[in-house]
Amino acid sequence: MASESELGIKPVTSSELDQHIMRVLRNRVGKDERAAKQHDWYRAAIYALRDEIIDAWFKSTRRTYDAGGKRVYYLSMEFLIGRLLRDALSNMGLTREMEKALAAHGLDLAELEEMEPDAALGNGGLGRLAACFMESLATLDIPAYGYGIRYVNGMFRQRIEDGWQVELPETWLAHGNPWEFERVESTYLIGFGGEVVAHGDGVVWDPAEKVEATAVDTPVVGWKGKRVNTLRLWTANPVDPLKLDAFNAGDHLGALSEQMRAESLVRVLYPADSSAAGQELRLRQEYFFTAASIQDIVRRHVQYAGDVRTLHEKAAIQLNDTHPSVAVAELMRQLVDVHGLEFSEAWEVCKKTISYTNHTLLPEALETWPLPLFERLLPRHMQIIYAINSRVLREARKTGCTDAQIAAISLIDESGERRVRMANLAFVGAHSVNGVAALHTELMKETVFADLHALYPTRINNKTNGVTPRRWLQQCNPGLTEVIKDAIGPAFLDDAARLSDLQAMAEDAALGERIDEVKRANKVALAEHIRRTMGIRLDPGALFDVQIKRIHEYKRQLLNLIETVALYDQIRSHPERDWVPRVKIFGGKAAPSYHNAKLIIKLANDIARRVNSDPSVGGLLKVVYVPNYNVSYAERIIPAADLSEQISTAGMEASGTGNMKFALNGALTIGTLDGANVEIKERVGDDNIVIFGLTAEEVAAKRAGEYNPRELIEQSRELSQALSAIASGVFSPDDPNRYHSLINGIYENDWFMCAADFDAYAAAQREVDDRWENKAGWRASMIRNIANVGWFSSDRTIGEYAKEIWKVL
Ligand SMILES: *Cc1c(COP(=O)(O)O)cnc(C)c1O
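Residues numbered from 1 in each chain as written. Predicted model: local features only at pLDDT ≥ 70, side-chain atom pairs only at ≥ 80, totals over all residues. Heavy atoms only, no water.

Peer 1: Talk me through the pairing of strand β19 (residues 543-548); I want residue IDs and the actual numbers.
Peer 2: Of all six residues in β19, six are buried; the element is thus mostly enclosed. With burial as the criterion, each face of β19 is covered, one bearing L543, D545 and Q547 and the other bearing F544, V546 and I548. The pairing of β19 with strand β20 (residues 582-587) spans six bridges and is classified as parallel. Across the sheet, L543 pairs through a bridge with R582, a residue of β20. This β-α-β element, β19 to helix α23 (residues 557-573) to β20, shows right-handed connectivity. Looking at chain direction, β19 and strand β22 (residues 643-646) are connected through two bridges and run parallel. Looking across to β22, one finds that D545 is bridged to L643. (Buried < 20%, exposed > 50% of the residue type's maximum accessible area, 1.4 Å probe, protein only. Helix = DSSP H or I, 4+ residues; strand = E, 2+ residues; numbered from the N terminus. Pairing = 2+ DSSP bridges. Right-handed = clockwise from strand over helix to strand, strands pointing away.)

Rendered as structure tokens:
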């Protein structure tokens, strides 16, 4: 069926699309059918599809202007988009038409889709959330702009060499990007450094350096082409690209360095997840894209509404974590210095316009900047932050705050070298501060923001994360989508909550069998891909046990690996038992400077080499480390997973979204009571998830009290044997001490509670085995997972933001 757009776009037939592709191939790609290579067809197909999208895009934009409505602006340092071709085709309702049009030329759409590089402008969950949100905003017909940076090199490409991670630059723009449009008319000057000078009865900032920010737009299509919004990414150029005077004066180097300084702003994405980067270039990147976005927002408002004082009536600005929180100071500067508002009036407009999402409680991830650096780079913003701080602290004193409370609330950390606290700046400058899962939001109130919460008790609220069911069910798992459609009809495609219609059919044997067949087919396809790319053979009949996510100690890939070693031991010592065949699949990138995370990757590969080549396990256990985990790989692996590993130390994973994708595709979760796992458990029911381990409260109590991991380890034979094997070099005979310090960390301190949770985890894994042996029970659990996680659609999440924070629905 062709697109039945509510914008009145006429449906396109496959022969019209074919003619369109041929026209584009000739006129834009510059090839005829005989000379065209695969890549030429790929470009022609995207250009032709893009033309269809552009009509809907213009209509969406015009409709917003005509209605004079409020727009949502989502500011995010990261957008982990992945590929767009399948997504755009599917949402435009043109997949079949494109397949047919290409088949007429002997081309396979799936092959062309594989040619598209992943747009990997993000590290992990935070960036992927922003991408899911953009799709849901368009689907819910909310006028919205995403604002970020057009990184020339996104997330690095990971290779595994001799078991070690090697980072290579990702050159996703090497062959051009057919989705984007450069908007040279939307260019803004961004300043750095210099000084603040008196001007009339106010002041102005006279920056020492300037660069130009130019918009590059990508259309974002919602489900059924209902609306097309804009993802606006900024690129940087020197103010005068030719610098003719410098060249004429013979200062070639000076001109060149200006060019390089501008380019460096958009050169790379910082590859650290869950830790603050701290370098000057990072602060420059944050200010660069935030200032360009704020100028663009204010410019649009003044152009269409006239009066900057009504900004909050027409604009809702959401800050995705603290990376864009300098927006608070920049908006104040625009309102006060440029548009002449009184400070108090500007402050009210600012708070009503801005809202902030917190993503982590990890202390190492909370952004702070040394005050001298901040002041040197952004002298006027520093003054504004002081002014805001004195207002806030005055308010706090009036309510009777103690000195300790004042010190915690202050925008300046005075405890050591003075630093600017970006989370506190975002908190005070916003009318809404939200966490990303119920547990995380409660912990925010009790920990990082306890004193700010006491001062502003209605500001913190929860918006549990979600994922778009278009990409994470329909597009990545068409087989399952068809089976569900046959079972309950197509209503769930428009409203994922309708998946609950499956609940009554959980015990239906025929449905269970069909869902199992689809899972099997997905596992065969993944096994074939792994055989082809890695040369490892997997048994699709085995339980596929998957942990794919960034490598981080709090996510506890190490706990999974220790249990893998213990299982390996057990299988060898008890060959007579009926072991459930398992394939342990790991994937994920480590920050290049994160030593222990990189060591954990090496350990996974060392264990894999030993286990996979040991004939005595008889194929009952296989371990695979898939290289270069990214969005496209996730779309391939998740539909093929039986078991989803969500085993973070309780209290440390803010939400997780991988957990939601797996459940939506019928995997059972083995997990701790952390992040959104808590809410997944509430929805799927205790019998359809395997929960183990310490609670967040128990972890906190252990850390505060006298926790003795060594004693615990000595009491657990399985654990002490597994740890000794790893520490003594059983898996690293070439370097027996390789894992000594990693394992010693567990004996000495065990901050992440691997020892404390090991026995419960191992027992939970054997419970998974038992459940797996009961085929009918497992299938019913798969159905109950799928039926009950429609709530984790990002449409539901965005609906809540829209009603409760942005007031646009
Ligand atoms: C969903 C997703 C994540 C987030 O996974 P978590 O398990 O929630 O950490 C990270 N990377 C990619 C590529 C994803 O698709």
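Peer 1: Could you give an account of the packing of aromatic side chains, naming the residues involved and the relevant values?
Peer 2: Following the criterion strictly, the structure yields 18 aromatic pairs and no others. Measuring from ring centre to ring centre gives 6.1 Å for Y145 and Y147, while their planes differ by 15°; the resulting arrangement is stacked. For the pair Y145 and Y147, one class covers both residues: buried. Consider the rings of Y356 and F449, whose centres lie 6.4 Å apart with planes at 85°: the pair is edge-to-face. Within this pair, whereas Y356 is found in strand β13 (residues 354-357), its partner F449 is found in the loop between α17 (438-446) and α18 (450-455), the two being separated by 93 residues in sequence. The buried category is assigned to Y356, whose relative accessible area is 0%. Residue classification places F449 among the buried residues on the basis of a relative accessible area of 2%. Counting every residue linked through ring pairs, the aromatic cluster contains Y73, Y145, Y147, Y188 and W234. A cation over an aromatic ring shows up here: R459 above the ring of Y456, its NZ or CZ 4.0 Å from the ring centre. (Phe/Tyr/Trp six-rings, centres within 6.5 Å; stacked < 30°, edge-to-face > 60°. Lys NZ or Arg CZ within 6 Å of the ring centre and 35° of its normal.)

Peer 1: Describe the site of the ligand, with residues and values.
Peer 2: Not every one of the 13 residues close to the ligand is listed here, only the nearest: K549, K555, T657, G658 and K661. Here G658 contributes a backbone N or O atom positioned 3.0 Å from an oxygen atom of the ligand. If you list the elements that add at least two residues to the shell around the ligand, you get α25 (631-637) and α26 (658-664). When grouped by side-chain class, the residues that make up the shell around the ligand number four nonpolar, six polar and three charged. (Near = heavy atom within 4 Å. Polar contact = N/O pair within 3.5 Å; in protein donor to acceptor, adjacent residues only side chain to side chain. Nonpolar A, V, L, I, M, F, W, Y, C, P; charged D, E, K, R; others polar.)

Peer 1: Account for the packing of helix α11 (residues 327-338) against helix α12 (residues 343-353), naming residues and giving values.
Peer 2: The geometry of α11 relative to α12 is characterised by a closest axis approach of 9 Å and an angle of 135° between their N-to-C directions. Taken together, the axis directions place α11 and α12 in an arrangement best described as oblique. The chirality of how α11 crosses α12 is right-handed. Here V328, L331, M332, L335 and V336 of α11 lie close against α12, whose contacting residues are F343, A346, W347, V349, C350 and T353. Across the contact of α11 with α12, the residue classes break down as ten nonpolar, one polar and no charged. (Axes fitted to C-alpha atoms, helices over the stretch in contact; angles between N-to-C directions. Parallel < 35°, antiparallel > 145°, perpendicular 65-115°, else oblique. Left-handed = near helix turned anticlockwise from the far one by under 90°. Contact = heavy atoms within 4.5 Å.)

Peer 1: Give me the lowdown on a nonpolar patch on the surface, citing residues and values where you can.
Peer 2: Where nonpolar side chains cluster on the molecular surface, the patch consists of L253, L256 and M260 and spans about 350 Å² of accessible area. Look at M260 and you get exposed, because its relative accessible area is 54%. (Patch = residues over 30% accessible without salt bridge, like charges linked within 9 Å, V, L, I, M, F, W, Y side chains within 5 Å. Areas by Shrake-Rupley, 256 points an atom, 1.4 Å probe, with all protein chains shown as cover. Salt bridge = Lys/Arg side-chain N within 4 Å of Asp/Glu carboxyl O.)

Peer 1: Which residues make up the nonpolar core, and what are the values?
Peer 2: Counting residues in each nonpolar core, the largest one holds 266 residues, and the members touching the most others are L49, I190, F288, F374 and I388. In terms of residues, this core owes the most to one element, helix α2 (residues 38-67), which gives twelve residues. The contact partners of F288, leaving out residues within four places of it in the chain, are I190, F192, V211, E212, A213, W234, T235, A236, L265 and V266. Core analysis: the second largest hydrophobic core is formed by five residues, L362, Y554, M652 and F752 among them. (Core = buried A, V, L, I, M, F, W, Y, C linked by side-chain atoms within 4.5 Å.)

Peer 1: An account of the pattern of salt bridges is needed here, citing residue identities and associated values.
Peer 2: For the structure on display, the rule yields 65 salt bridges. One salt bridge in this structure joins E135 and R470, with 2.7 Å as the shortest N-O distance. A residue pair is termed long-range when its members are at least 10 positions apart, and E135 in helix α6 (residues 125-139) and R470 in helix α19 (residues 469-475) qualify at 335 residues. With a shortest N-O distance of 3.0 Å, R582 and D769 are connected by a salt bridge. With a gap of 187 residues between them, R582 in strand β20 and D769 in helix α32 (residues 754-773) connect regions that are remote in the sequence. Shared partners join several salt bridges into a network, and the residues in it are D545, E563, R582, K584, E645, R766 and D769.

Peer 1: Tell me what's going on with the pairing of strand β10 (residues 209-221), and back it up with residues and numbers.
Peer 2: Counting buried positions over the 13 residues of β10 gives ten, a clear majority of the element. Once β10 ends, the chain turns through six residues before running back antiparallel as strand β11 (residues 228-238), passing K224 with a positive phi of about 65°.

Peer 1: So what's going on with unusual backbone geometry? Which residues, and what values?
Peer 2: Trans peptide bonds make up most of the peptide bonds, and negative phi angles are found at most residues other than glycine. For D162, which is not glycine, the phi dihedral falls at a positive 55°. Relative to the helices and strands, D162 is located in the loop between β5 (157-161) and β6 (164-168). A positive phi angle, close to 55°, is found at N628, a residue other than glycine. Assignment of secondary structure puts N628 in the loop between β21 (621-626) and α25. Since its relative accessible area comes to 15%, N628 is described here as buried.

Peer 1: So what's going on with the sheet that holds strand β14 (residues 368-370)? Which residues, and what values?
Peer 2: A sheet is described by the order of its strands in space; here three strands give the open sequence β14-β16-β15, paired in antiparallel fashion. Lying at the two open borders of the sheet, with one neighbouring strand each, are β14 and β15 (412-413). As defined by bridge partners, β15 adjoins strand β16 (residues 419-421) across two bridges and the pair is classed as antiparallel. Each bridged residue has a counterpart across the sheet, and for I412 the counterpart in β16 is V420.

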